[in-house]
Amino acid sequence: MARVNDPRFWEDVYARGGDGWELGGPAPPLVDFFTTTTLDGRRVAVPGCGRGHDARFLASRGYEAVGFDFAEAPLTAARALAARAGSTARFEALDVFALGRAHPHAFDGVWEYTCFCAIDPARRAEYVASLAGAVRPGGWLLGCFFPLRGSPAGPPFPVSMDEVRRVLRPAFRIDRDFMPLRSVRGRQGREWMVLARRTGA
Ligand SMILES: C[S@@+](CC[C@H](N)C(=O)[O-])C[C@H]1O[C@@H](n2cnc3c(N)ncnc32)[C@H](O)[C@@H]1O
């Protein structure tokens, strides 16, 4: 598992075209959520942003979106795609475990998609603590957790609803959770949306 802690692992995956998660556009569960709902605040962090499609989408909805990744190749692509689209989304090279220290309480919200399942599963509580450090009290965490089933030989490393509920506490309180109506092929029935609020804890 330790190999996924090293940005060189991800650089290598991108270099050999092993990025089978690439959607070429924003994640359908994110798009669908913001079709019916607006979340408060302006500043949104997107950890493990890859080529930044979700960050660009959030920027198009009026948020000041900042994508974070520690692999250079997707960040270079994300910046180029944003420039081409005239998007205000910004991108920063950062290890997501340092997000809370680097940007204390700087964000009104976080969009989590396919970063939770990419990191070392033994570091999930540490990851949530980092996100909690970056979000202001009362701010939100919108997450689409994937894959609910799958091989333990990730990434992606499987997630369970029980584990997500457990690691989000006590820093976040889950307000809503549901199965997204629309997932891309191969992810149907394996994604779970959670809207949680940063507590005072
Ligand atoms: C499975 S990809 C998903 C990318 C993007 N969210 C998407 O859906 O297209 C995981 C991304 O997280 C990044 N990543 C993994 N561990 C990270 C860490 N500790 N800090 C920053 N980025 C990380 C990888 O470089 C990769 O771009």
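First, a word on scope: everything that follows refers to the structure included in this document.

Reading the values: rules and limits
Residues numbered from 1 in each chain as written. Predicted model: local features only at pLDDT ≥ 70, side-chain atom pairs only at ≥ 80, totals over all residues. Heavy atoms only, no water. Helix = DSSP H or I, 4+ residues; strand = E, 2+ residues; numbered from the N terminus. Pairing = 2+ DSSP bridges. Axes fitted to C-alpha atoms, helices over the stretch in contact; angles between N-to-C directions. Contact = heavy atoms within 4.5 Å. Near = heavy atom within 4 Å. Polar contact = N/O pair within 3.5 Å; in protein donor to acceptor, adjacent residues only side chain to side chain. Areas by Shrake-Rupley, 256 points an atom, 1.4 Å probe, with all protein chains shown as cover. Nonpolar A, V, L, I, M, F, W, Y, C, P; charged D, E, K, R; others polar. Buried < 20%, exposed > 50% of the residue type's maximum accessible area, 1.4 Å probe, protein only.

## With respect to unusual backbone geometry
The phi torsion of most residues other than glycine is negative, and most of the peptide bonds are trans.
So, point 1. Cis geometry is found at the peptide bond from Gly 154 to Pro 155, where omega equals 5°.
So, point 2. Inspection of the secondary structure assignment puts Pro 155 in the loop between strand E5 (135-145) and helix H7 (161-168).
So, point 3. Of note, the bond from Arg 169 into Pro 170 is cis; its omega dihedral lies within 30 degrees of zero at -5°.
So, point 4. Structurally, Pro 170 can be placed in the loop between H7 and strand E6 (172-178).
So, point 5. Unusually for a residue other than glycine, His 105 sits at a positive phi of about 50°.

## Focus on the sheet that holds E6
So, point 1. Pairing is mixed across the open sheet formed by seven strands, whose spatial order is E3-E2-E1-E4-E5-E7-E6. Here the strands that pair on one side only, and so sit at the sheet edges, are strand E3 (90-93) and E6. Shown here is a sheet whose adjacent strand axes are inclined to one another by a mean of 20°, direction ignored.
So, point 2. Across four bridges, strand E2 (residues 64-69) lies against E3 in parallel orientation. When the sheet's bridge partners are listed, Val 66 is paired in E3 with Arg 90.
So, point 3. Each of E2 and E3 touches helix H4 (residues 72-85); the most contacted strand, E3, lies at about 165° to it.
So, point 4. Contacts between helix H6 (residues 124-134) and the sheet are confined to strand E1 (43-47), strand E4 (107-113), E5, E6 and strand E7 (192-198), with E5 contributing the most and set at about 135° to the helix.

## Observations regarding the site of the ligand
So, point 1. Near the ligand, the surroundings consist of 16 residues, among which Tyr 14, Gly 48, Asp 69, Val 96 and Thr 114 are the closest.
So, point 2. Contacts to the ligand include Tyr 113, whose backbone N or O atom sits 3.2 Å from a nitrogen atom.
So, point 3. A distance of 2.9 Å is found between an oxygen atom of the ligand and a side-chain nitrogen or oxygen belonging to Thr 114.
So, point 4. Burial of the ligand by the protein amounts to 95% of the accessible area it has alone, namely 590 Å².
So, point 5. Partitioning the shell around the ligand into residue classes produces 11 nonpolar, three polar and two charged.

## What to know about the side chain of Glu 163
So, point 1. Here Glu 163 is to be found in helix H7.
So, point 2. On the accessibility criterion, Glu 163 (16% relative accessible area) is buried.
So, point 3. A polar atom in the side chain of Glu 163 sits 2.7 Å from the side chain of Arg 124.
So, point 4. Beyond its immediate stretch of four places on either side in the chain, Glu 163 contacts Pro 121 and Arg 124.

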